[in-house]
Amino acid sequence: MKLLDGKATAQHLKEEVKAHVSEMKQRGERVPHLAAVLVGNDGASLTYVGSKVRSCEYVGFESTLIQLPEDTTEAALLEQVDALNADPAIDGYIVQLPLPKHIDAEKVLLAVAPHKDVDGFHPTNFGRMALELEAFIPATPYGIIELLERYEIPTSGKHCVVVGRSAIVGRPISILMSQKRTAGNATVTVAHSRTENLEALTRQADILIMALGIPDYLKSDMVKPGAVVIDVGITRVPDANHPKGYVIKGDVDFDAVAPKASYITPVPGGVGPMTIAMLLKNTLLARMWNAN
Ligand code: GUN
């Protein structure tokens, strides 16, 4: 079994972005500028956004954190989005999810200008991605593709089973894995909560991508020997023995599955860190694609 070390790979990527930014500076060019909008005080969101801002600083990007109170109206948030769309100093931005219940997230994501949508959540980017046109690819699936490529894992002709059909992970990664690309050309099956006899499918997978959100769901008898196992789960499970009061759990029972896998991502330290690195990469791409 070999570990797909997302933490180390993300660090490599960040060093590459940092070197690129440093060259931009030397040429006297403006550096990429990412903004993040955070509405409310969701603990996990605060952590993620904080980490995104620190990563921006590390690679030499400009970053702006726009923190709005929980009771921000949908209209006020849409005004903020319009302002970011119009601001020539901002290359790309994200609106951190989840949004408070009184705000229609779909409406907000549709208002983000596609050329600044570094999360790749706008239908224009999703459609362009599906059509293999230049597009912002959502950071989590993009991170999985990057991990598979950097570890030179053969995917062509392999059976890839994706468990989960969310708009930001399961659905896009299933499309990407079937496309003509280095980490692609796979035969893809998408399974989800209504799939019958899921174990029969997971056992056939050469590459198994778990994006279900149920801690420790995948057990060793559900995996083919030698499979590549990618764990996208990040569920906070309460744990009184831990100083933070919780532990982060993936969808894969790692200790049971790892001995059977050829490659496996740990949680934490697998797909998670790659997600932030790919957001940085998308912001760099935004700066380059939108350069005037
Ligand atoms: N919430 C959880 N993951 C993400 C993400 O990738 N982008 C945004 N904007 N919100 C999230």
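This text follows the structure it describes.
Below is a summary of the structure that appears in this document. All values reported here derive from a predicted model rather than from experimental measurement.

A regular strand places its side chains on the two faces of the sheet in alternate fashion. Burial within strand β5 (residues 159-163) is extensive, with 5 of its 5 residues counted as buried. With burial as the criterion, each face of β5 is covered, one bearing H159, V161 and V163 and the other bearing C160 and V162. Pairing geometry for β5 and strand β6 (residues 187-191), over 5 bridges, is parallel. Note that in β6 the partner of C160 across the bridge is V188. You can see the chain leave β5, run along helix α7 (residues 170-178) and come back into β6, and the turn it takes is right-handed. As defined by bridge partners, β5 adjoins strand β7 (residues 207-210) across 4 bridges and the pair is classed as parallel. Bridged to V162 within β7 is I209.

A separate point is the environment of M274. Relative to the elements of secondary structure, M274 occurs in helix α10 (residues 271-289). Along the backbone, M274 and A135 are 139 residues apart, and their C-alpha atoms lie at a distance of 18 Å. If we ignore the near neighbours within four places in the chain, the residues touching M274 are G6, T9, A10, L13, G143, E146 and L147.

Moving on: empty space enclosed by the protein. Enumeration according to the criterion identifies 1 cavity of 30 Å³ or more in this entry. Taken as a whole, the largest cavity spans an internal volume of roughly 40 Å³. Considering the residues around the largest cavity, the lining is formed by Y93, I94, V95, L109, V112, D117, D119 and F121. Element by element, the count of residues in the lining of the largest cavity is highest for strand β4 (residues 92-95), at 3 residues.

Membership of the largest hydrophobic core comes to 53 residues, with the highest contact counts inside it found for M177, I209 and I230. Sorting elements by how many residues they give to this core places α10 first, with 9 residues. Residues within four places of I209 in sequence aside, it is in contact with I144, C160, V161, V162, V163, I173, M177, I230 and V232. With 18 residues, the next largest nonpolar core counts L198, M222, V229 and V252 among its residues.

Moving on: the packing of aromatic side chains. One pass over the full model with this rule turns up 2 aromatic pairs. With 5.0 Å between their ring centres and 40 degrees between their planes, F136 and W289 make a pair best called tilted. Here F136, found in the loop between α5 (123-130) and α6 (139-150), pairs with W289, found in helix α10; they are 153 residues apart in sequence, far enough to count as distant. The exposure class of F136 is buried, given its relative accessible area of 3%. On the basis of an interplanar angle of 70 degrees and a centroid distance of 6.4 Å, the ring pair of Y151 and Y263 is categorised as edge-to-face. With Y151 in the loop between α6 and β5 and Y263 in strand β11 (residues 263-264), this pair connects stretches of sequence that are 112 residues apart.

What follows deals with the sheet that holds β11. Here 6 strands make up an open sheet; going across it, the order is β1-β11-β8-β7-β5-β6 and the pairing parallel. Among the strands making up the open sheet, the edge pair consists of β1 (2-3) and β6. Sheet analysis places β1 next to β11, joined by 2 bridges and oriented parallel. Bridge assignment links K2 to a residue of β11, and that residue is Y263.

As a further point, take the site of the ligand. Around the ligand, the structure places K52, V95, Q96, L97, D119 and F121. Within the complex, 80% of the 280 Å² of free accessible area of the ligand lies under protein. Its residues assigned to classes, the shell around the ligand comprises 3 nonpolar, 1 polar and 2 charged.

What follows concerns the pattern of salt bridges. Applying the stated rule across the entire model yields 9 salt bridges. The partner of E16 in a salt bridge is R150, and the shortest N-O contact between them spans 2.8 Å. Of the two residues, E16 is situated in helix α1 (residues 6-26) and R150 in helix α6; the sequence distance between them amounts to 134 residues. With a relative accessible area of 42%, E16 lands in the partly exposed category. The exposure class assigned to R150 is partly exposed, which follows from its relative accessible area of 32%. Between D206 and K224 there is a salt bridge, and its shortest N-O distance comes to 2.8 Å. Taken together, the positions of D206 in the loop between α8 (198-202) and β7 and K224 in the loop between β7 and β8 (228-231) put the pair 18 residues apart, joining distant regions of the chain. Using a relative accessible area of 22% as the deciding quantity, one classes D206 as partly exposed. What you see here is one network of salt bridges that share partners, running through E16, E146, R150 and K281.

Thresholds applied
Residues numbered from 1 in each chain as written. Predicted model: local features only at pLDDT ≥ 70, side-chain atom pairs only at ≥ 80, totals over all residues. Heavy atoms only, no water. Buried < 20%, exposed > 50% of the residue type's maximum accessible area, 1.4 Å probe, protein only. Helix = DSSP H or I, 4+ residues; strand = E, 2+ residues; numbered from the N terminus. Pairing = 2+ DSSP bridges. Right-handed = clockwise from strand over helix to strand, strands pointing away. Contact = heavy atoms within 4.5 Å. 1 Å grid on protein atoms, 1.4 Å probe; cavity = no way out; pocket = protein on both sides within 12 Å on 5 of 7 lines; lining within 4 Å. Points joined across faces, edges and corners; volume = space filled by probe spheres on them. Core = buried A, V, L, I, M, F, W, Y, C linked by side-chain atoms within 4.5 Å. Phe/Tyr/Trp six-rings, centres within 6.5 Å; stacked < 30°, edge-to-face > 60°. Near = heavy atom within 4 Å. Areas by Shrake-Rupley, 256 points an atom, 1.4 Å probe, with all protein chains shown as cover. Nonpolar A, V, L, I, M, F, W, Y, C, P; charged D, E, K, R; others polar. Salt bridge = Lys/Arg side-chain N within 4 Å of Asp/Glu carboxyl O.

Spatial relationships are all this shows, so hold off on functional conclusions.
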